[in-house]
Amino acid sequence: RGSQMTAIAYKDGILATDSLLNEDGYVLDLVQKVRVIGVNDQVWLIATSGEVGNYTKIADFLEDFILQDKEGGRDEPLTEEEFIRRISREYEVECEAASGSVLVITPSGRSALFYAKSGFGGIYPPEVRQSLGCTWEYLRGAMDAGATSREAVALACATNGSCAWPVKLYKFGIGEFF
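All values reported here derive from a predicted model rather than from experimental measurement.

A.B. asks: I keep staring at the environment of Ile58 and nothing clicks. Help me out?
C.D. replies: In this structure, Ile58 sits in helix H1 (residues 52–71). Along the backbone, Ile58 and Thr48 are 10 residues apart, and their C-alpha atoms lie at a distance of 8.7 Å.

The following block contains the structure:
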């Protein structure tokens, strides 16, 4: 079980997350909150927030959706344009009572939001800042005031007992750790 009281921030092509998995205020583990999906030369990032079972269901669906064309025998991976065109009408969450949210970063740096209760939240250009998790308002405020995504998540880790170090960073299209 457990939940991720999460800090996820995306700004200027850098995705930053904290590392805490907790339940009822107790630290369960330090975890990786981003799935890196490589398809040929493309890298997709899936960042997750919420109750583990629920967001895992959403993230599994999205990973399968992105990989289905590759595994289905096509020579080319799902393109961003196909993803954008198809996801808005094909996305469904199996558990209507689920909680959590997922941020997908496409290979070109666009961001797509998915919510367990309300579904697909839209696709945004790379310059749009995103924040998810229990600290989303603070993350957004810090980034609006000039903080990088890393600085915003570091601030959340320093001031919110529901977030924890280390801060993990990813650059869109590369999927490398910093």
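A.B. asks: Got a minute to help me understand the nonpolar core in this structure?
C.D. replies: Buried together is how nonpolar side chains tend to be arranged in soluble globular proteins. Ile46, Leu62, Phe83, Val104 and Phe114 are the most contacted members of the largest nonpolar core, which totals 17 residues. Only strand E6 (34–39), strand E7 (42–51), H1, helix H2 (80–90), strand E8 (101–105) and strand E9 (111–115) provide two or more residues apiece to this core. If one sorts the elements of this core by residue count, H1 sits on top with 6 residues. Those residues in contact with Ile46, other than ones at most four positions away along the chain, are Lys33, Val34, Arg35, Ile37, Ala59, Leu62, Glu63, Ile66, Val102, Leu103 and Val104. Judged by nonpolar contacts, the second largest core, of 15 residues, contains Leu139, Ala142, Cys157 and Leu169.

A.B. asks: Teacher, can you tell me more about helix H3 (residues 136–144) here?
C.D. replies: The α-helix winds at 3.6 residues per turn, so residues separated by three or four positions along the chain end up facing the same way. Within H3, burial applies to Leu139, Ala142 and Met143. An end-on view of H3 places all buried positions within 95° of arc, on one side of the element. Of the exposed residues in H3, the ones pointing more than 90 degrees away from its buried face are Glu137 and Tyr138. Those residues of H3 hidden inside the fold are in contact with strand E2 (8–11), strand E11 (130–132) and helix H4 (149–159). Within two residues after H3, Gly146 carries a phi angle of roughly 115°, on the positive side.

A.B. asks: Any chance you could explain the pairing of E9 here in plain terms?
C.D. replies: Successive side chains on a regular strand alternate, one facing one side of the sheet and the next facing the other. In terms of burial, E9 is a largely internal element, 4 of the 5 residues being buried. As paired elements, E8 and E9 share 5 bridges and run antiparallel to each other. Note that in E9 the partner of Ile105 across the bridge is Ser111. Connecting the antiparallel pair E8 and E9 is a turn made up of 5 residues, with Gly109 showing a positive phi of about 95°.

A.B. asks: Would you take a moment to explain the side chain of Ser149 for this structure?
C.D. replies: By secondary structure assignment, the location of Ser149 is in helix H4. Classification of Ser149 as buried rests on a relative accessible area of 2%. One polar contact links the side chain of Ser149 to the main-chain carbonyl oxygen of Ile14, over a distance of 3.0 Å. Among all residues touching Ser149, those that are not within four sequence positions of it are Ala9, Tyr10, Lys11, Ile14, Leu15, Ala16 and Met143.

Definitions and limits used
- Residues numbered from 1 in each chain as written.
- Predicted model: local features only at pLDDT ≥ 70, side-chain atom pairs only at ≥ 80, totals over all residues.
- Heavy atoms only, no water.
- Helix = DSSP H or I, 4+ residues; strand = E, 2+ residues; numbered from the N terminus.
- Core = buried A, V, L, I, M, F, W, Y, C linked by side-chain atoms within 4.5 Å.
- Buried < 20%, exposed > 50% of the residue type's maximum accessible area, 1.4 Å probe, protein only.
- Contact = heavy atoms within 4.5 Å.
- Arc of directions from axis to C-beta.
- Pairing = 2+ DSSP bridges.
- Polar contact = N/O pair within 3.5 Å; in protein donor to acceptor, adjacent residues only side chain to side chain.

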